[in-house]
Amino acid sequence: MPLKIPRAILFDLDGTLADTAPDLAEAVNQLRAERGLEPTPYEQLRPVASAGARGLIGAAFGIKPDDAEYEDLRVRFLNNYEAKLVVKSKLFDGVSDLLKQLEARGLAWGIVTNKASRFTDPLVPQIGLGHAGCVVSGDTTPHTKPHPAPLYEAANRLQLAADECWYVGDDLRDIQAGRAAGMQTIAAAWGYCGHVAPASWEADALLHDPMQLLELIKPE
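A quick note: this is a predicted structure, and the numbers were derived from the prediction, not measured. (Residues numbered from 1 in each chain as written. Predicted model: local features only at pLDDT ≥ 70, side-chain atom pairs only at ≥ 80, totals over all residues. Heavy atoms only, no water.)

> Before we move on, can you summarise the nonpolar core with the specific residues and values?
In globular proteins that are soluble, nonpolar side chains generally tend to be buried together. Within the largest apolar cluster, 53 residues are counted, with the highest numbers of intra-cluster contacts made by F11, I57, F77, L102, W109, L129 and L213. For this core, the leading source of residues is helix α1 (residues 21-34), giving six residues. Formed by 16 residues, the second largest nonpolar core is a distinct cluster that contains L151, Y167, A177 and M183. (Core = buried A, V, L, I, M, F, W, Y, C linked by side-chain atoms within 4.5 Å. Buried < 20%, exposed > 50% of the residue type's maximum accessible area, 1.4 Å probe, protein only. Helix = DSSP H or I, 4+ residues; strand = E, 2+ residues; numbered from the N terminus.)

> Give a detailed account of the pairing of strand β7 (residues 184-188), specifying residues and quantitative values.
When you tally the buried positions in β7, you get five out of five residues, the bulk of the element. The alternating pattern of β7 places Q184, I186 and A188 on one face and T185 and A187 on the opposite face, and all of these are buried. Of the strand pairs in this sheet, strand β6 (residues 165-169) and β7 are connected by four bridges, and their pairing is parallel. Residue pairing for β7: V168 is matched across the bridge by I186. Regarding topology, helix α8 (residues 172-180) serves as the crossover connection from β6 to the parallel β7, and that connection is right-handed. Pairing of β7 with strand β8 (residues 205-207), which is carried by three bridges, proceeds in the parallel orientation. What sits directly across from A187, in β8, is L206. (Pairing = 2+ DSSP bridges. Right-handed = clockwise from strand over helix to strand, strands pointing away.)

> So what's going on with the packing of helix α3 (residues 52-61) against helix α4 (residues 70-83)? Residues and values would help.
For any two helices packed against each other, one specifies the inter-axial angle together with the distance between the axes. Two numbers describe how α3 lies on α4: the axes approach to 10 Å, and their chain directions differ by 110°. What the angle tells us is that α3 and α4 run roughly perpendicular. For α3 against α4, the interelement crossing comes out right-handed. Between α3, through G52, A53, R54, L56, I57 and F61, and α4, the contact on the second element is made entirely by Y70, L73, R74 and F77. (Axes fitted to C-alpha atoms, helices over the stretch in contact; angles between N-to-C directions. Parallel < 35°, antiparallel > 145°, perpendicular 65-115°, else oblique. Left-handed = near helix turned anticlockwise from the far one by under 90°. Contact = heavy atoms within 4.5 Å.)

> Quick one: what's the story with the state of the cysteines, residue by residue and with numbers?
Throughout the structure, instances matching the rule amount to zero disulfides. The cysteine C165 is free of any disulfide, with C134 supplying the nearest cysteine sulfur at 8.2 Å. Exposure remark for C165: the relative accessible area of 0% places this residue in the buried category. (Disulfide = S-S within 2.5 Å.)

> I'd like to hear about the packing of aromatic side chains, residue by residue, with values.
By the definition in use, this model includes three aromatic pairs. Residues F77 and Y81 carry aromatic rings whose centres are separated by 6.5 Å and whose planes lie at 5° to one another, so their mutual orientation is stacked. Of this pair, F77 and Y81 both sit in helix α4, four residues apart, which is roughly one turn of that helix. F77 sits in the buried class, given a relative accessible area of 1%. (Phe/Tyr/Trp six-rings, centres within 6.5 Å; stacked < 30°, edge-to-face > 60°.)

So, in structure tokens, the structure goes:
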């Protein structure tokens, strides 16, 4: 079944629009260095970058959120990350051109992320996304993805119905959130994707390059 052409496209941030994994990995490996440990290989950290502190601390230390050490490590990790927020982070190839094309076609676009506004607010303009139609962070609503509340909030800020929007993300919970909000969903296989194959997420479309999104939108 062909996709319904949207009036707006909403994007996840980390692993979808922006490649932030290098700075996130550096923040957690700084914790290992403080303990006299060798850094965890980047290849092990990158797939879990979209899961934030939970994923990175889990990969680097084998510690889960209900473990006694977790909260202290989480606080220190976030402080490390905030201090060096945009060092190696950058937009994925094709993202800047994609957004220009969407704007040229009269389509709104916005960001819906589980990243707290403490990080999102400074990062978004620094990385070249300050012209987003809306930015909904992980603490903007009482719920985070996969709950649909952040996506409803974004649609509301764009003055659109949720089903007039697509949601693009590189994590299973992005697709779950988009589906729960009644949006058509796009799996961003160019991103981090965790340890569950994007083909199994039951998204409405699976793309391997940001510019492929334009192929799903009929020309005016």
